[in-house]
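Here's the letter readout for the chains.
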Amino acid sequence: MLRTSKWAVWARRLGSLAVPLTVLPVLMHREGFLDSANFLVVALAACAVAGLAVLVALIALVRLWQTGDRGWDRALSGLVLALACAAPFAWYGYLAWHYPVVTDMATAPRNQLPLIFEPDTAAMPPPRLLPPDEQGRRFPNAATRSYPLDPVQLFALAERLVQSRGWEIRLRREPGGPDGAGRLNARILTLPGWREEAVLRVFPAPEGAAVDMRSASIGAPHDFGSNGNRISEFMVALDNEVTTFLRDNPGIDEPVPLEAEPSPDVESESG
């Protein structure tokens, strides 16, 4: 009489346990029921369970091949569940290996691009930054942009891009005031539930207007490249947006000629 392999039984149990351990913390983190520090602990525990489930399932399959016991369905289902849960951790592990440990990136000094003061930003750990030369090498497109547009026009284009990405605008200040600069602060919710904040500053430049950008992780120990890639992608999209705008509005970047004032009448002396 064939017996059911205990390895296969445990493979199914651990694989089934890994699913709620992986999914529920993400949902709770996204909804704000689990803070970032506790989420990280639970995520590491879920990663350990998923990894153990993969190992036990592989051992179960080898044992089943050798002994001919029952339990192939349990071992295979446990392996599938475990691999599905381990895949996100493997992906983020690759990103952590590929990108340096960074939590804050900007194209200008950060005091020019302040975050909104909220409870989570007040509790932020010290930012992890890249040296300017390394930032330029890894993210060459994450740099200040200048365009032959009025600051108000550039601000409108940048705001439209922010809205199209579904970012939540928390602060909006149109260009003007003493320095003529405008500012947008927007929150982004990442897939695992980390909060990140993007800051845009549009200001007058010698030949029109320029824009700087900052992207910072709120509470995450590693941004996995999201901040640098976000700035790079946004700046390239803004390049395309401005190019399209100038193409569809020819002559908008040309200076308006000043109207010549009529010369005053000069009375001629008769003599």
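See the structure printed just above.
All of the points below concern the structure found in this document. (Residues numbered from 1 in each chain as written. Predicted model: local features only at pLDDT ≥ 70, side-chain atom pairs only at ≥ 80, totals over all residues. Heavy atoms only, no water.)

**Section: the overall build of the chain**
Working step 1: From N to C terminus, the chain includes 7 helices and 6 strands.
Working step 2: Taken from the N to the C terminus, the helices and strands of the chain come in the order α-α-α-β-α-α-β-α-β-β-β-β-α.
Working step 3: Radius of gyration (C-alpha) of the chain: 28 Å, far over the 18 Å computed for a compact globule of 271 residues.
Working step 4: Dimensions of the chain, computed from the C-alpha atoms along their principal axes, are close to 140 × 40 × 35 Å.
Working step 5: Classification of the 271 residues of the chain by burial places 41% in the buried group. (Helix = DSSP H or I, 4+ residues; strand = E, 2+ residues; numbered from the N terminus. Rg over C-alpha atoms; globule rule 2.2 N^0.38 Å. Buried < 20%, exposed > 50% of the residue type's maximum accessible area, 1.4 Å probe, protein only.)

**Some words on helix α7 (residues 226–248)**
Working step 1: Under the 1.5 Å per step criterion, the end-to-end length of α7 is 32 Å for 23 residues, consistent within 8% with the ideal 33 Å.
Working step 2: Looking only at α7, the buried set comprises Ser226, Asn227, Gly228, Arg230, Ile231, Ser232, Phe234, Met235, Ala237, Leu238, Glu241 and Val242.
Working step 3: Taken together, the buried residues of α7 touch β1 (104–106), β2 (145–147), α6 (151–164), β4 (182–189), β5 (195–205) and β6 (208–218). (Expected span 1.5 Å × (residues − 1). Contact = heavy atoms within 4.5 Å.)

**Quick look at unusual backbone geometry**
Working step 1: Notably, phenylalanine 224 is not glycine yet its phi reads approximately 55°, a positive angle.
Working step 2: Structurally, phenylalanine 224 is set in the loop between β6 and α7.

**With respect to the pattern of salt bridges**
Working step 1: For the coordinates displayed, the defined rule picks out 17 salt bridges.
Working step 2: Here arginine 165 makes a salt bridge to glutamate 233, at a shortest N to O gap of 2.6 Å. A residue pair is termed long-range when its members are at least 10 positions apart, and arginine 165 in the loop between α6 and β3 (168–173) and glutamate 233 in helix α7 qualify at 68 residues.
Working step 3: We classify glutamate 233 as partly exposed; its relative accessible area is 38%.
Working step 4: One network of salt bridges, in which partners are shared, links Glu118, Asp120, Glu168, Arg170, Arg187 and Glu197. (Salt bridge = Lys/Arg side-chain N within 4 Å of Asp/Glu carboxyl O.)

**Section: the packing of helix α1 (residues 6–31) against helix α3 (residues 72–98)**
Helix-helix packing: each pair is described by the crossing angle between the helix axes and the interaxial distance.
Working step 1: Where α1 meets α3, the axes come as close as 7 Å, and the angle between the chain directions of the two elements is 30°. Classified by the interaxial angle, the pair formed by α1 and α3 is roughly parallel. As for the relative orientation of α1 and α3, their crossing is left-handed in sense. Only Arg74, Ala75, Ser77, Gly78, Leu81, Ala82, Cys85 and Phe89 of α3 make contact with α1, whose side of the interface consists of Ala8, Val9, Ala11, Arg12, Gly15, Ser16, Ala18, Val19 and Thr22.
Working step 2: Across the contact of α1 with α3, the residue classes tally to 10 nonpolar, 5 polar and 2 charged. (Axes fitted to C-alpha atoms, helices over the stretch in contact; angles between N-to-C directions. Parallel < 35°, antiparallel > 145°, perpendicular 65-115°, else oblique. Left-handed = near helix turned anticlockwise from the far one by under 90°. Nonpolar A, V, L, I, M, F, W, Y, C, P; charged D, E, K, R; others polar.)

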